[in-house]
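Examination of the molecular architecture
Spelled out from the first residue to the last, the chains are:
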Amino acid sequence: MAESKTKSEVFQEFSKYLEDPCLRSTARILILISLGLNGKLGFTDLLRLTGLGKGSLSNHIEKLEDSGYVRVSRRLTFSGWRVLVEITEDGLKVYNSYLKTLELLLSQKEEKDDEYYLFD
Amino acid sequence: MQVSELKQIGWKALMYQRYILRRAYAYYYASWAFTILLYLTIPLVFPQIGNFGLFVIYITIGIITTLFSGYVFRKARRRRELYGLLSGKRTYKLNLVVLIVWWVAFILAIDFGYYYFRNADYLIVNLFLIFIAIFLAVQLRASFPEGIPFEGLLASFSFGLSASLGLLLSILGFSSFSTVLWFFTVVCWFLSSYLSFERSQEELELSRY
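Report follows, based on the coordinates. Because the structure is a prediction, the values reported are computed rather than measured.

1. Describing the overall build of chain B
Looking only at helices and strands, chain B has 6 helices and 0 strands in total. Counting from the amino terminus, helix and strand elements in chain B follow one another as α-α-α-α-α-α. Relative to its 209 residues, chain B shows a buried fraction of 49%. Expressed as a percentage of contacts within chain B between residues at least 6 apart in sequence, the contacts between residues at least 24 apart total 77%. For chain B, the computed accessible surface area is about 10300 Å², with 72% contributed by carbon and sulfur atoms.

2. Some words on the pattern of salt bridges
One pass over the full model with this rule turns up 7 salt bridges over all chains. Of the charged contacts in the structure, one is a salt bridge between Asp45 of chain A and Arg23 of chain B, with a shortest N-O distance of 3.1 Å. Taken as a pair, Asp45 of chain A in helix α3 (residues 43-50) and Arg23 of chain B in helix α1 (residues 3-45) lie in two separate chains rather than in one. Measuring nitrogen to oxygen at the nearest pair gives 4.0 Å for the salt bridge that ties Lys93 of chain A to Asp90 of chain A. Placement of the pair is Lys93 of chain A and Asp90 of chain A together in helix α5 (residues 89-106), with a separation of 3 residues, close to one helical turn. The exposure class of Asp90 of chain A is partly exposed, given its relative accessible area of 37%. A network of salt bridges, in which partner residues are shared, links Asp45 and Arg48 of chain A together with Arg23 of chain B.

3. Let's talk about a nonpolar patch on the surface
Residues and elements named next belong to chain B. A cluster of nonpolar side chains, namely Phe157, Leu161, Leu165, Leu168, Leu172, Phe174, Phe177 and Phe184, defines an oily patch on the protein surface of about 770 Å² accessible area. The dominant element in the nonpolar patch, judged by the number of residues it contributes, is helix α5 (residues 150-172), at 5 residues. Among the secondary structure elements, Phe157 is positioned in helix α5. Taking the relative accessible area as the measure of exposure, Phe157 reaches 55% and is therefore exposed.

4. A few points about the side chain of Ser200 of chain B
All names here are of chain B. Note that Ser200 resides in helix α6 (residues 178-207). Overall, the relative accessible area of 1% leaves Ser200 in the buried class. Within polar-contact distance, the side chain of Ser200 engages the backbone oxygen of Phe197 at 2.7 Å. In this structure Ser200 touches Tyr19, Arg22, Arg23 and Leu195, once residues within four positions along its chain are discounted.

5. Some remarks on the environment of Leu154 of chain B
Residue and element names in this part refer to chain B. Examined against the element boundaries, Leu154 turns out to sit in helix α5. For Leu154, a relative accessible area of 17% puts it in the buried group. Residues Leu154 and Ser192 lie 38 residues apart in sequence; the distance between their C-alpha atoms is 6.7 Å. Residue contacts for Leu154: discarding those within four places in its chain leaves Cys188, Leu191, Ser192 and Leu195.

6. Details of the sheet that holds strand β1 (residues 40-42) of chain A
All names here are of chain A. Reading across the sheet, the 3 strands line up as β1-β3-β2 and stay open at both edges, with antiparallel pairing between neighbours. The sheet is open, and its two borders are formed by β1 and β2 (70-77), each paired with just one other strand. Averaged over all pairs of adjacent strands, the angle between their axes in this sheet comes to 30°, without regard to strand direction. Note that β2 and strand β3 (residues 80-87) share 8 bridges and pair antiparallel. Its bridge partner being in β3, Leu76 is matched across the sheet by Trp81.

7. Structural notes on the pairing of β3 of chain A
Summarising the sheet, β1 of chain A and β3 of chain A pair through 3 bridges and their orientation is antiparallel. The partner of Gly42 of chain A across the bridge, within β3 of chain A, is Leu84 of chain A.

8. Overview of the packing of helix α2 (residues 26-38) of chain A against helix α2 (residues 51-87) of chain B
When two helices pack together, their arrangement is given by the angle between the helix axes and the distance between those axes. The geometry of α2 of chain A relative to α2 of chain B is characterised by a closest axis approach of 8 Å and an angle of 135° between their N-to-C directions. Considering their axes alone, α2 of chain A and α2 of chain B lie oblique with respect to each other. Facing Ile33, Gly36, Leu37 and Asn38 of chain A of α2 of chain A, the residues of α2 of chain B in contact are Lys75, Arg78, Arg79 and Leu82 of chain B. In terms of residue class, the contact of α2 of chain A with α2 of chain B is made up of 3 nonpolar, 2 polar and 3 charged.

9. With respect to α5 of chain A
Between its first and last C-alpha, α5 of chain A extends 26 Å over 18 residues, near the 26 Å set by a 1.5 Å rise per residue. Of all the residues in α5 of chain A, the buried ones are Gly91, Val94, Tyr95, Ser97, Tyr98, Leu99, Thr101, Leu102, Leu104 and Leu105 of chain A. If you follow the buried residues of α5 of chain A, they end up packed against α1 (7-19), α2 and β3 of chain A together with α1 and α2 of chain B.

10. Topic: the packing of aromatic side chains
Both the distance between ring centres and the angle between the ring planes are used here to describe each pair of aromatic rings. Residue and element names in this part refer to chain B. All told, the structure shown has 15 aromatic pairs over all chains when counted by the stated rule. Between Tyr25 and Tyr28, the aromatic rings sit 5.4 Å apart at their centres with planes inclined by 75°, giving edge-to-face as the arrangement. Note that Tyr25 and Tyr28 are positioned in helix α1 at a spacing of 3 residues, about one turn of the helix. Accessibility classification places Tyr25 together with Tyr28 in one group, the buried group. Ring plane angle 35° and centroid distance 5.8 Å describe the contact between Phe68 and Tyr71, whose orientation is recorded as tilted. Of this pair, Phe68 and Tyr71 both sit in helix α2, 3 residues apart, which is roughly one turn of the helix.

What counts, and where the lines are drawn
Along each chain, residue indices are assigned from 1 in the same order as the chain's sequence is written. Each chain is given a letter, starting from A, and each ligand a number, starting from 1, according to the order in which they appear as written. Residue-level local features of this predicted model are given only where pLDDT is at least 70; pairs of side-chain atoms are given and counted only at 80 or more, and the full residue set underlies all totals for whole chains, interfaces and linings. The basis for every side-chain value is the complete set of non-hydrogen atoms in the structure, without hydrogens or water. The secondary structure listing takes helices from DSSP runs of H or I that are at least 4 residues long and strands from runs of E that are at least 2 residues long, numbered from the N terminus. Only protein chains enter the accessibility calculation, which uses a 1.4 Å probe; a residue is then buried when its area is under 20% of its type maximum, exposed when over 50%, and partly exposed in between. It only takes one pair of heavy atoms within 4.5 Å for two residues to be counted as in contact. Here the open area of atoms and residues is found with the Shrake-Rupley method and a 1.4 Å probe, where only the protein chains shown may cover a residue. The term salt bridge refers to a pairing of a side-chain nitrogen on Lys or Arg with a carboxyl oxygen on Asp or Glu at a separation within 4 Å. Every patch collects residues that have over 30% relative accessible area and no salt bridge, joining them within 9 Å if they carry like charges and within 5 Å if they are nonpolar side chains (Val, Leu, Ile, Met, Phe, Trp, Tyr). For the purposes of these results, a polar contact is taken to be a pair of N or O atoms within 3.5 Å, where, inside protein, one atom must be able to donate a hydrogen and its partner to accept one; residues adjacent in sequence count only when each atom of the pair is a side-chain atom. Strand pairing requires that DSSP identify at least two bridges connecting the strands. Helix axes use the C-alpha atoms of the stretch in contact, all axes being lines fitted to C-alpha atoms, and the angles between their N-to-C directions lie in the range 0 to 180 degrees. In these notes the angle categories are as follows: under 35 degrees is roughly parallel, over 145 is roughly antiparallel, 65 to 115 is roughly perpendicular, and the rest is oblique. Any residue outside Ala, Val, Leu, Ile, Met, Phe, Trp, Tyr, Cys, Pro, Asp, Glu, Lys and Arg is labelled polar, Gly included; the first ten of those are nonpolar and the last four are charged. The span expected for a helix works out to 1.5 Å for each residue beyond the first. Ring geometry is summarised as follows: Phe, Tyr and Trp rings, the Trp one being its six-membered ring, pair when their centres sit within 6.5 Å, and such pairs are stacked at plane angles under 30 degrees, edge-to-face over 60 and tilted between the two.

Functional significance is not addressed by these values, which are geometric in nature.
So, in structure tokens, the structure goes:
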């Protein structure tokens, strides 16, 4: 059963995640959202998603893995060994918190987005 | 971080997800095209297999393909959820339990009804198949709220056409001709699979902007 939370609780929850130095990066949040949608993605897919170089993407994934938001594994496929990045339970919590925050923002259509700062 | 920035990130993920979904649907079309082809050809190639044997084979193939369909529909559902939140538009919601019950009933109707109630088999099966065509169109619309890709329209139209004409033929007493229609559907679905792979690259280009 989902607990009902007040608006400020939902915002606070997501703001707390954004306080994590690991998530103070649009690229990493983008990776987490995409993994939230798919469960897991290959390294090539993440390269295409982010448009980053291999080194830069590896860096971001390493930081996410060190913080426990993703898990990296290597799998043998028909086209050879592939690096797979899978979202963890903690990563899913961030994704779900993001969705709840968006849901709240939708309910406040008349106010401008720029009035809200989730992290200074 | 401003809220508008967070929304922008969400849109970028959503645009890229359309590419992933279109690619997943390519496998979906191919798997069902192959399944329908097996359904049509196994009795012809292996006439010695009895009704029960065919029933078991069909159920097994149907379950495997259905499980894969579930994987594609789960991706679609998650995309639809995020799309609805970012766009503020109401999106279709398909109940997962209804989905599963429907597919199980479909596989049982095809396999069980077809081989054990021969007099009414084509009528029952084609009625079910028309509902499947409608369900597919609804699922595609929900998967691609911005607009169903051409290959999706081709797949659902060819399926619906074969089911409708098959129903008409079974009423007129020419049910055996419906096999030809379903070979046509198989060709359309393999074509849809190819187009889905090819055109998913367009989504990849669009997601970069």
